[in-house]
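# Per-entry structural report
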Amino acid sequence: MKFKKLLIVFGFVAALCSCREREDYSKTVFASFYSVYDFASRIAGDKYKVINITPNGMEPHDFEPSARSIVDICNSAGLLVNGLGMESWTENLPKEAKDKIFTVTENIPTMKINGIVDQHVWLNPENAIIEMENIKNYFVKLDENNTDYYEANFINEKNKFEELTKQIEEQVKLYKIKQIVVSHAAFGYMCDRFGLEQIYINGLEPEEEPSAKTIEEIIDAVNEYNINTVYTEELVSPEIAKKLAEETKAKTDVLYTLEGLEEEMIGKEDYISLMKKNFEKIGKSNL
Ligand SMILES: [Zn+2]
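Let me sum up the structure you'll find in this document. (Residues numbered from 1 in each chain as written. Predicted model: local features only at pLDDT ≥ 70, side-chain atom pairs only at ≥ 80, totals over all residues.)

## Quick notes on the overall build of the protein chain
In plain terms, the rule: Only DSSP runs of H or I reaching four residues or more are called helices, and only runs of E reaching two or more are called strands; each is numbered from the N terminus. Three exposure classes are used, all based on how many other C-beta atoms lie within 10 Å of a residue's own C-beta (placed from the backbone): buried at 20 or more, exposed at 12 or fewer, and partly exposed between those limits. Two residues qualify as being in contact provided that their C-beta atoms, derived from the backbone, are within 7 Å of each other.
If you tally the helices and strands in the protein chain, you get 10 helices and 10 strands. Put simply, the protein chain has 287 residues, and 39% of those count as buried. Sequence separation of at least 24 residues holds for 61% of the intrachain contacts in the protein chain that already meet a minimum separation of 6.

Put into structure tokens, the structure is as follows:
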């Protein structure tokens, strides 16, 4: 009797395992974090399922995949990454998973901050268009029969992003103050494109501790440029920015880096809506 029970349990576990193995990821593409996911979803449409591998609410700079996720990557059609040092976790993947990687930022000119390549290229919507073109070429190669479909999706999205770029240009023309103070130096490409300047508290990695000198320089800048808002970001502890805001009487607000969305934003917001919100917020405090 006992043996029979054991057999049943064993059978159940075996069935569960084989069932899991049969989970079909051949029409799934993984994206390393939110902006890559957003762009890939726009191009893939209903031909491939796109899954953001960084859980909602998690800061992608700190992400480590689970063993299960690594197996899923191996069974998937591919893993789309930003590259430029954003996904250091991919260095430790087994070869089978590494072979699935496609870097979406090719042909985008990069800038450096303190001698390190700035990874946050996607915050310039024109770079987002280049990423989507790379992603489009990726899907065309993966699924040649649907070439026209991916080409059409790309053109459609390109138009939307060009429209967004124009709208932002018009808004920024009205800004009296061209400087923004941010906690995490994610906005270099965005500022460079639209003639703004980011004054940052932390460096490229959100957890970096700023030096006393940095804080002093920022206080000076806040006073010099008459800045009334210090921007934190959605997934990082806003402690330092809050402290700084207290010392300078500036208030704090959130600017979206598009590295990840909070749970309640899923399905309601996307790259375009959040970029618009970013510039509405900057507009309010910089007019
Ligand atoms: Zn970042």
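Additional details are given in the paragraphs that follow.
## Brief notes about the nonpolar core
Basically, it comes down to this: In plain words, the nonpolar core is the set of buried Ala, Val, Leu, Ile, Met, Phe, Trp, Tyr and Cys residues that C-beta atoms within 7 Å link up. Segmentation of the chain into domains, including their bounds, is taken from an automatic or database domain assignment.
Counting residues in hydrophobic clusters, the biggest one holds 68 residues, and the most contacted among them are Ala31, Val36, Ala40, Ile43, Leu80, Ile135 and Val181. Split by domain, the residues of this core number at least three in each of domain 1 (22-167) and domain 2 (168-286). Setting aside residues up to four positions removed in sequence, Val181 forms contacts with Ile199, Ile218, Ala221, Val222, Ile227, Val230 and Tyr231.

## Overview of helix 10 (residues 271-286)
The test is simple: Here a helix's expected span is defined as the number of its residues, less one, multiplied by 1.5 Å. What the arc covers is the set of directions going from the helix axis to the C-beta atoms.
Here helix 10 is 16 residues long and its end C-alpha atoms lie 22 Å apart, about the 22 Å a rise of 1.5 Å per residue gives. Looking at helix 10, one finds that the buried residues are Tyr271, Met275, Asn278, Phe279, Ile282 and Asn286. One face of helix 10 carries all of its buried residues, which in axial projection span an arc of 85°. Along helix 10, exposed side chains directed more than 90 degrees from the buried face belong to Glu280 and Lys284. On its buried face, helix 10 sits against helix 2 (34-44), helix 5 (125-142), helix 6 (147-173) and strand 7 (179-184).

## Some thoughts on the sheet that holds strand 9 (residues 229-232)
We count it as follows: For two strands to be treated as a pair, DSSP must find no fewer than two bridges joining them. Note on method: axes are straight lines fitted to C-alpha atoms, helices fitted across the in-contact stretch only, with angles between N-to-C directions ranging 0 to 180 degrees.
The strand order across the open sheet formed by four strands is 8-7-9-10, and the pairing between neighbours is parallel. Both edges of this open sheet fall to strand 8 (197-202) and strand 10 (251-254), since each of them pairs with a single strand only. If you compare each strand with its neighbour and ignore which way they point, the axes differ by 35° on average. Judged from the five bridges that link them, strand 7 and strand 8 form a sheet pairing that is parallel. Residue pairing for strand 8: Val182 is matched across the bridge by Tyr200.

## Digging into the environment of Lys49
Its location among the elements puts Lys49 in strand 2 (residues 49-52). By C-beta crowding, Lys49 is classed as partly exposed, having 14 other C-beta atoms within 10 Å. Spatially, the C-alpha atoms of Lys49 and Lys27 are 6.3 Å apart, while their sequence positions differ by 22 residues. In this view, Lys49 contacts Lys27 and Thr28; residues no more than four positions away in its chain are not counted.

## Focus on the sheet that holds strand 1 (residues 28-31)
Across the sheet, which stays open at both edges, the four strands sit in the order 2-1-3-4 with parallel pairing between neighbours. What marks the edges here is a single partner per strand, and that holds for strand 2 and strand 4 (101-103). Taken pair by pair, the neighbouring strands of this sheet meet at an average axis angle of 30°, ignoring direction. Here strand 3 (residues 78-81) pairs with strand 4 via three bridges, running parallel. Bridged to Leu80 within strand 4 is Phe102.

## Side note on unusual backbone geometry
We note that Leu84 has phi near 60°; this positive angle belongs to a residue other than glycine. Looking at the secondary structure, you find Leu84 in the loop between strand 3 and helix 4 (95-98). Residue Leu84 is classed as partly exposed on the basis of its C-beta count, with 16 C-beta atoms lying within 10 Å. For Leu258, which is not a glycine, the phi torsion comes out positive at approximately 65°.

## Some details on helix 9 (residues 239-248)
Within the span of helix 9, buried status applies to Ala241, Leu244 and Ala245. When helix 9 is viewed along its axis, its buried side chains cluster within an angular range of 105° and face the same direction. Among the exposed residues of helix 9, those pointing more than 90 degrees away from its buried face are Glu239 and Glu246. Where helix 9 is buried, its residues touch strand 7, strand 8, helix 8 (212-224), strand 9 and strand 10. Trailing helix 9 by a residue or two, Lys249 shows a phi angle of about 65°, which is positive.

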